[in-house]
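Structural overview
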Amino acid sequence: MDTGHHTSTTPGLVCAHHHLYSALARGMPAPPGVPTGFTDILKLVWWRLDRALDLDTIEWSAKLGALEALEAGCTAIVDHHESPNAIEGSLQVIADACAEVGVRVSCAYGVTDRHGADGAQRGLAENERFLRAGGRGMVGVHAAFTCSDDTLEAAAGLAADLGTGVHIHVAEGPVDAPAAQRLERWSTDEWLLIHGVHLPDDHQLAGTLVHNPRSNMNNAVGYARPIRFANPVALGTDGIGADMLEEFRVAYVRHREDDVTATPDSAWEWLAQGWELFPEARSDIVRWSYDPIDPWRLAFTPGVRAVDVMVDGETLLADGVATRVDPDEIRAKAAEAANRLFAQLEEIDP
């Protein structure tokens, strides 16, 4: 985007792929075994965590995640949620929690066949109920490799019926490399394709590709090299907070490691693509602790923070402190919820 000269403000930043339910995961008990690859990480960590969630822990996780987003100048979140033992009503809980903080959110429930046909049906029903009731969101799908073709077709059909797209992890690890061939008959420009690390260059999928560099590095799945795709590219965090300036820096430096001629402009374009997904955020105003807002400076200036944030004309962050909610209370209640979640997690076998 053209920020002009010597301005310390931007529109509200957008996190194009988040897992708000992971906000309570920090400090979680060690998994029952040491994960040695991507599939192990899913099975031993994340697929156990999502089974431990209930509506209460979902609520406090979303409030904490939304608060941290606001404090980082991120006013819009595209969320992807899974809680197989608390599906019904989960998207409304997330939407309400974000609304309380004042952060915009698009919700999706990640449909999967991991919990049988009934689990997949309940996931589809939750997406449909929330969207038909007027909720802002998409039809979520976990990933092609945990879904049958019938389930993928049902999700794509529901999204088409509701005039929205599918929000799906695609080819994050080698286990999901065949995703492009399975999905290309259904994908549309409204789809969000998350990760794309193991997609071929000419994958034929329509939609916006969302790059999550820090998460890809953390899971050791490889580098997506998003510059190679014809698709629009946006930036997400995959649940590692919502500090989009920090994600921009990681996106730049990962790009630079791969190609010494890379510049911060590409990563900034990916960050700016978020406004195409959440146009309302363009009218939000974030004043930063640094001037001027310039990709080349910001790429090498850690610690830049949001000072004031206005959403829909209301000041929601003043001098770095949330105004509509009590941040200390949210953090205290979220810490209590995290302890309950961790106790529940200990009961869950991989």
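Below is a short write-up of the structure. These numbers come from a predicted model, not from an experiment.

As a further point, take the overall build of the protein. Along its length, the protein carries 12 helices and 13 strands. Taking 350 residues into account, the globule formula puts the C-alpha radius of gyration at 20 Å, and the protein, at 19 Å, falls close to it. In terms of overall dimensions, the protein has a C-alpha envelope of 55 × 45 × 40 Å along the principal axes. When burial is assessed residue by residue, the protein has 59% of its 350 residues classed as buried. The long-range fraction of contacts in the protein, counting pairs at least 24 apart against all pairs at least 6 apart in sequence, stands at 73%.

The next subject is the pattern of salt bridges. Counted by the stated rule, this structure contains 24 salt bridges. Between D312 and R104 there is a salt bridge whose closest N-O contact spans 3.2 Å. With a gap of 208 residues between them, D312 in the loop between β11 (306–311) and β12 (314–318) and R104 in strand β4 (residues 104–106) connect regions that are remote in the sequence. Note on R104: relative accessible area 14%, which makes it buried. Across the pair R129 and E126 runs a salt bridge whose closest N-O atoms are separated by 3.2 Å. Of this pair, R129 and E126 both sit in helix α4 (residues 116–132), three residues apart, which is roughly one turn of the helix. The class of R129 is partly exposed, set by a relative accessible area of 36%. One connected set of salt bridges, linked through shared partners, spans R214, E246, E247 and R249.

Interhelical geometry of α4 versus helix α5 (residues 149–162) gives an angle of 5 degrees and a closest axis separation of 11 Å. Looking at the two axes, α4 sits roughly parallel to α5. For the pair α4 and α5, the contacting residues are A120, L124, N127, E128, L131 and R132 in the first and T151, A154, A155, L158 and L162 in the second. Residues that form the contact of α4 with α5 fall into these classes: seven nonpolar, two polar and two charged.

On to the packing of aromatic side chains. One pass over the full model with this rule turns up two aromatic pairs. Note on Y252 and F300: the rings are 5.7 Å apart at their centroids and 80 degrees apart in plane angle, and the pair reads as edge-to-face. Of this pair, Y252 sits in helix α8 (residues 244–258) while F300 sits in the loop between α11 (295–298) and β11, placing them 48 residues apart in sequence. By relative accessible area, which is 5% here, Y252 ends up buried. Cation over ring: R136 sits above F278, and NZ or CZ is 3.9 Å from the ring centre. Against the face of W186 rests R185, its NZ or CZ located 4.4 Å from the ring centre.

It is worth spelling out the layout of surface pockets at this point. Roughly 720 Å³ of volume is contained in the largest pocket. Lining of the largest pocket is provided by 43 residues; of these, S22, W46, N218, N219 and D238 occupy positions nearest its centre. Ranked by residues supplied to the lining of the largest pocket, first place goes to helix α1 (residues 38–52) with nine residues. Considered class by class, the residues forming the lining of the largest pocket number 21 nonpolar, 13 polar and nine charged. In this structure, the second largest pocket spans a volume of roughly 220 Å³. Here the residues of the lining of the second largest pocket sort into six nonpolar, five polar and three charged.

Its place among the elements puts T57 in helix α2 (residues 55–71). Its relative accessible area of 2% is what places T57 among the buried residues. Excluding anything up to four places from it in sequence, T57 contacts L24, A337 and L341.

With an omega of 5 degrees, the peptide bond between D291 and P292 qualifies as cis. Tracing the sequence through the fold places P292 in the loop between β10 (285–288) and α11. In this model, A220 sits at a positive phi of 55 degrees, which is unusual for a non-glycine residue. Summarising the element assignment, A220 is placed in the loop between α7 (213–218) and β9 (233–235). By relative accessible area, which is 67% here, A220 ends up exposed. Backbone geometry places R225, a non-glycine residue, at a positive phi of 45 degrees.

Rules behind the numbers
- Residues numbered from 1 in each chain as written.
- Predicted model: local features only at pLDDT ≥ 70, side-chain atom pairs only at ≥ 80, totals over all residues.
- Heavy atoms only, no water.
- Helix = DSSP H or I, 4+ residues; strand = E, 2+ residues; numbered from the N terminus.
- Rg over C-alpha atoms; globule rule 2.2 N^0.38 Å.
- Buried < 20%, exposed > 50% of the residue type's maximum accessible area, 1.4 Å probe, protein only.
- Contact = heavy atoms within 4.5 Å.
- Salt bridge = Lys/Arg side-chain N within 4 Å of Asp/Glu carboxyl O.
- Axes fitted to C-alpha atoms, helices over the stretch in contact; angles between N-to-C directions.
- Parallel < 35°, antiparallel > 145°, perpendicular 65-115°, else oblique.
- Nonpolar A, V, L, I, M, F, W, Y, C, P; charged D, E, K, R; others polar.
- Phe/Tyr/Trp six-rings, centres within 6.5 Å; stacked < 30°, edge-to-face > 60°.
- Lys NZ or Arg CZ within 6 Å of the ring centre and 35° of its normal.
- 1 Å grid on protein atoms, 1.4 Å probe; cavity = no way out; pocket = protein on both sides within 12 Å on 5 of 7 lines; lining within 4 Å.
- Points joined across faces, edges and corners; volume = space filled by probe spheres on them.

That is the geometry; function is a separate question.
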